[in-house]
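Residue strings, one per chain:
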Amino acid sequence: MSIKADRLKNVSISASAAMTQRARELAAQGIKVVSLSSGEPDFPTPAHAIEAAHAAALAGDTKYPPMDGTPALKAAVIRKFKRDNNLDYDASQIVVSGGGKQVIFNAMLATCNPGDEVVIPTPSWVSYADIVKFAGGVPVPVPCHEQAGFKLRPEDLEAAITPRTKWLFLNFPNNPTGAACSRAEMAAIAEVMQRHPNVWIMTDDIYEHLVYDDFQFCTIAEVEPRLYDRVLTMNGVSKAYAMTGWRLGFCAGPKELIAAISNVNGQNGGGIATLTQAAATAALDGPQDLLKERAAIYKTRRDFVLDKLSEVEGLRCHRPEGAFYIYPNISGLIGKTSKGGRKIETDVDFVMALVDEHHVATVQGAAYGMSPFFRISYATSLEKLAEGCARIAEFCKDMR
Ligand SMILES: Cc1ncc(COP(=O)(O)O)c(C=O)c1O
């Protein structure tokens, strides 16, 4: 008899983590791998956040934290939602968890009954479907086609909703496509949701501050206040403030939902590290100029990669509005053979041949639920991007 519980049967290890592992193995053999697979800012955590954690430790803020977040952090989160999103919440409507990932995990565990459906616009972050399955729910992917700029079309959303639908997930700017929603596009989604009063909405706004060319980010509870009572707005410090290792995410929503999430949160972690909470409070309340400064750097990188890859025959790149990913279509290369003799029948074949023959780590579109594509993360230096793009170009050029 297996030691593994049945609930783990359908849960896979994250595909981007699998590629990171492959890249590590090659690096251990002394091979110089250009890693464009990790969804992690290459910037440092702001110094004032680190100093706040240090000061908190010295001041003795090292005891068990409140389960749902320290009053100081909750107050900073309330200010953040007002400042950035014009959303009003009180402390009973906020819960703080170990990363955006844990917010979603706790929310699904707190709300999904077996067989409940969760509509997931796809391509989507690898973890959504696994988290839903873990909680006993059923992920229902809705395609966001390349021709539609990888946006969620209202008619596709409408068609995906059934009497069993419990949640709709939104993630714009999106991982892996970088697509973001304009206000009008979000209003069209909101209109559909108003016709389905039993469906809740979880919006993952983790890439909120990473939008380019004056694109205006918006979030659904603000665009359509009539949905406020069934929207869970999730965000965190990982991407915006380069604090992935601190593990902190937060959410806001209706009181009853937050109480249920808080209950799970208390059971599975007992609250988040006090020093992390002090650092996050400082990041949210501190100077915000770095967000714009870093977004400008990401924009330069995005434009650089798009420019280089647009010259490569066989690749087709949509121009994303945000996040730090590009999602090239490789249908022009399917059926070809790499210089190293690998037949490219799928995007998995493509990324594996690319990492083995030219030592560039990326992630296959299949991991995000839409093929044949691959994801490039440009959260790395221009120098590495130049090297990575040159290798990708050579790899594609040599295919027969
Ligand atoms: C869409 C999306 N949501 C959430 C997360 C996880 O964020 P955190 O580090 O706060 O758990 C990621 C990380 O890659 C992501 O891409």
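Please read all numbers here as calculations on a predicted model, not as lab measurements. (Residues numbered from 1 in each chain as written. Predicted model: local features only at pLDDT ≥ 70, side-chain atom pairs only at ≥ 80, totals over all residues. Heavy atoms only, no water.)

(A) Expanded view of the domain arrangement of the protein. Taken as a whole, the protein is organised into domain 1 (6-44 + 290-397) and domain 2 (47-285). Its C-alpha centre places domain 1 at a distance of 26 Å from the equivalent point of domain 2. A combined buried area of about 3,100 Å² lies between domain 1 and domain 2, and 62% of that area is made up of carbon and sulfur atoms. For domain 1, the biggest contributors to the area lost against domain 2 are Leu291, Glu321 and Tyr368; these three give 22% of the whole. Inspection of the domain 1/domain 2 interface yields 4 salt bridges. For the pair domain 1 and domain 2, the interface holds 16 residue pairs in polar contact (both at pLDDT 80 or more). Elements represented by at least two residues in the side of domain 1 that touches domain 2 include exactly helix H11 (289-310) and strand S9 (325-326). For the side of domain 1 that touches domain 2, the element with the highest residue contribution is H11, accounting for 7 residues. Its residues assigned to classes, the side of domain 1 that touches domain 2 comprises 20 nonpolar, 9 polar and 9 charged. (Domains from an automatic or database assignment. Buried area = accessible area lost by both parts, 1.4 Å probe. Salt bridge = Lys/Arg side-chain N within 4 Å of Asp/Glu carboxyl O. Polar contact = N/O pair within 3.5 Å; in protein donor to acceptor, adjacent residues only side chain to side chain. Helix = DSSP H or I, 4+ residues; strand = E, 2+ residues; numbered from the N terminus. Nonpolar A, V, L, I, M, F, W, Y, C, P; charged D, E, K, R; others polar.)

(B) Looking closely at the nonpolar core. Formed by 121 residues in total, the largest nonpolar core has its most connected members in Met108, Phe169, Ile189, Phe350 and Ile392. At 6 residues, the largest contribution of residues to this core is made by H11. Of the residues that make up this core, three or more belong to each of domain 1 (6-44 + 290-397) and domain 2 (47-285). Residues contacting isoleucine 392, with those up to four places away along its chain left out, are Leu36, Leu309, Leu315, Leu354, Val360, Phe374 and Ile376. (Core = buried A, V, L, I, M, F, W, Y, C linked by side-chain atoms within 4.5 Å. Buried < 20%, exposed > 50% of the residue type's maximum accessible area, 1.4 Å probe, protein only. Contact = heavy atoms within 4.5 Å.)

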